[in-house]
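Residue-level listing of the chains:
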Amino acid sequence: MTRRRRGVLILFVLTCLFLVLQSSTLWKWMYPIKYRDEILAASRQYQVSPYLILAVIRSESGFDPDCVSRKGAIGLMQVMPDTASWIVSQAGFQVKDERYLYDPVMNIWIGTWYLRYLLTKFDEDPVKVIAAYNAGPGAVSGWIEEKKWNGQRETLEDIPFSETRKYVQRVLYYQERYQRVYNQQLQ
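Engineer: Would you explain helix α3 (residues 36-46) in this entry?
Structural biologist: An α-helical turn contains 3.6 residues, so any two residues separated by three or four positions project in the same direction. Those residues of α3 not exposed but buried are I39, L40, A42, S43 and Y46. Buried positions in α3, seen along its axis, are confined to an arc of 165° and lie on one side of it. Exposed residues on α3 whose side chains face more than 90 degrees from its buried face are D37, R44 and Q45. Contact partners of the buried residues in α3: α4 (50-60) and α6 (104-121).

Engineer: Mind showing me how you'd approach the pattern of salt bridges here?
Structural biologist: Two side chains that carry opposite charge are able to pair once their charged atoms sit near each other. Scanning the entire structure with this criterion turns up five salt bridges. Across the salt bridge formed by K128 and D125, the nearest N and O atoms sit 3.7 Å from each other. You'll find K128 and D125 in the same group, each marked buried.

Engineer: I tried to follow the nonpolar core on my own but got confused; where do I start?
Structural biologist: Side chains of a nonpolar character, in soluble globular proteins, are inclined to be buried together. The biggest cluster of nonpolar side chains holds 52 residues, and the ones touching the most others in it are M77, I110, L115, Y133 and Y178. Once residues lying within four places of it in the same chain are set aside, the contact partners of L115 are V48, L52, I53, V56, M77, V129 and Y133.

Engineer: Help me out: how do you make sense of the packing of aromatic side chains in this one?
Structural biologist: Two aromatic rings, taken as a pair, are described by how far apart their centres are and by the angle between their planes. For the structure on display, the rule yields ten aromatic pairs. Relative to Y117, the ring of W86 lies with its centre 5.0 Å away and its plane at 70°, an arrangement referred to as edge-to-face. Pair noted here: W86 is in helix α5 (residues 81-91) and Y117 is in helix α6, with a separation of 31 residues, a long-range link. The exposure class assigned to W86 is partly exposed, which follows from its relative accessible area of 32%. The partly exposed category is assigned to Y117, whose relative accessible area is 30%.

Engineer: Please clarify how the side chain of E60 should be interpreted in this entry.
Structural biologist: Inspection of the secondary structure assignment puts E60 in helix α4. Put simply, E60 is tucked away with no salt bridge, and the nearest opposite charge, on R170, sits 6.9 Å away. A polar atom in the side chain of E60 sits 2.8 Å from the side chain of Y167. Non-local contacts of E60, meaning those with residues more than four positions away in its chain, are made with C67, L76, M77, Q78, Y133 and Y167.

Engineer: Just to check I follow, could you spell out α6 for this structure?
Structural biologist: Between the first and last C-alpha of α6 there are 25 Å, a value that for 18 residues agrees with the 26 Å anticipated at 1.5 Å per step. The positive-phi residue at the C-terminal boundary of α6 is D123, with phi of around 50°.

Engineer: How do you make sense of the packing of helix α7 (residues 126-135) against helix α8 (residues 137-145) when you look at a structure like this?
Structural biologist: To characterise two packed helices, one gives the angle between the axes of the helices and the distance between these axes. Look at α7 against α8: their axes get within 6 Å of each other, and the N-to-C directions meet at 125°. What the angle tells us is that α7 and α8 run oblique. Contacts from K128, A131, A132 and A135 in α7 reach P137, A139, V140, W143 and I144 in α8. Of the residues in the contact of α7 with α8, the class split is eight nonpolar, no polar and one charged.

Rules of the game
Residues numbered from 1 in each chain as written. Predicted model: local features only at pLDDT ≥ 70, side-chain atom pairs only at ≥ 80, totals over all residues. Heavy atoms only, no water. Buried < 20%, exposed > 50% of the residue type's maximum accessible area, 1.4 Å probe, protein only. Helix = DSSP H or I, 4+ residues; strand = E, 2+ residues; numbered from the N terminus. Arc of directions from axis to C-beta. Contact = heavy atoms within 4.5 Å. Salt bridge = Lys/Arg side-chain N within 4 Å of Asp/Glu carboxyl O. Core = buried A, V, L, I, M, F, W, Y, C linked by side-chain atoms within 4.5 Å. Phe/Tyr/Trp six-rings, centres within 6.5 Å; stacked < 30°, edge-to-face > 60°. Lys, Arg positive; Asp, Glu negative; His and termini not counted. Polar contact = N/O pair within 3.5 Å; in protein donor to acceptor, adjacent residues only side chain to side chain. Expected span 1.5 Å × (residues − 1). Axes fitted to C-alpha atoms, helices over the stretch in contact; angles between N-to-C directions. Parallel < 35°, antiparallel > 145°, perpendicular 65-115°, else oblique. Nonpolar A, V, L, I, M, F, W, Y, C, P; charged D, E, K, R; others polar.

These figures come from the coordinates and say nothing about function on their own.
The following block contains the structure:
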């Protein structure tokens, strides 16, 4: 093969690769939306960004409704049973049985209600909310009061728990990805 043909072939391959990477189908395959209707309904009900809900689910369980963490968090949004019990009593949810956290619809509604609660508590600041979803609202409030972390995205490295620091970065990344891939189609 001549140099010229090789150059044309390389240019062709790079062009094809570029087109594939620009394909919305490819990106939607990489960032799927499962339980779309349930997420959108909970999003509207509690005025929580569907992209935030998607990012939490992707980070917490990878859309596996049967996921259980080492610490005992359950379901799509990885809600701790004690937290879920508190939410059920506060929100007045009707649960069918003790396995309600494994029900994707109930888990999405409970997790989204909790995100709304945290958004209200932390002045609609998603960075603090994401940190509180992982570490607990008491921990985040304590860090801010004790000036260990100022609650800003620019200072994530100051979050005292490395797990929470990485979690916040991951959720923010997924939230931005979902927004870009679905180009505001979920609003």
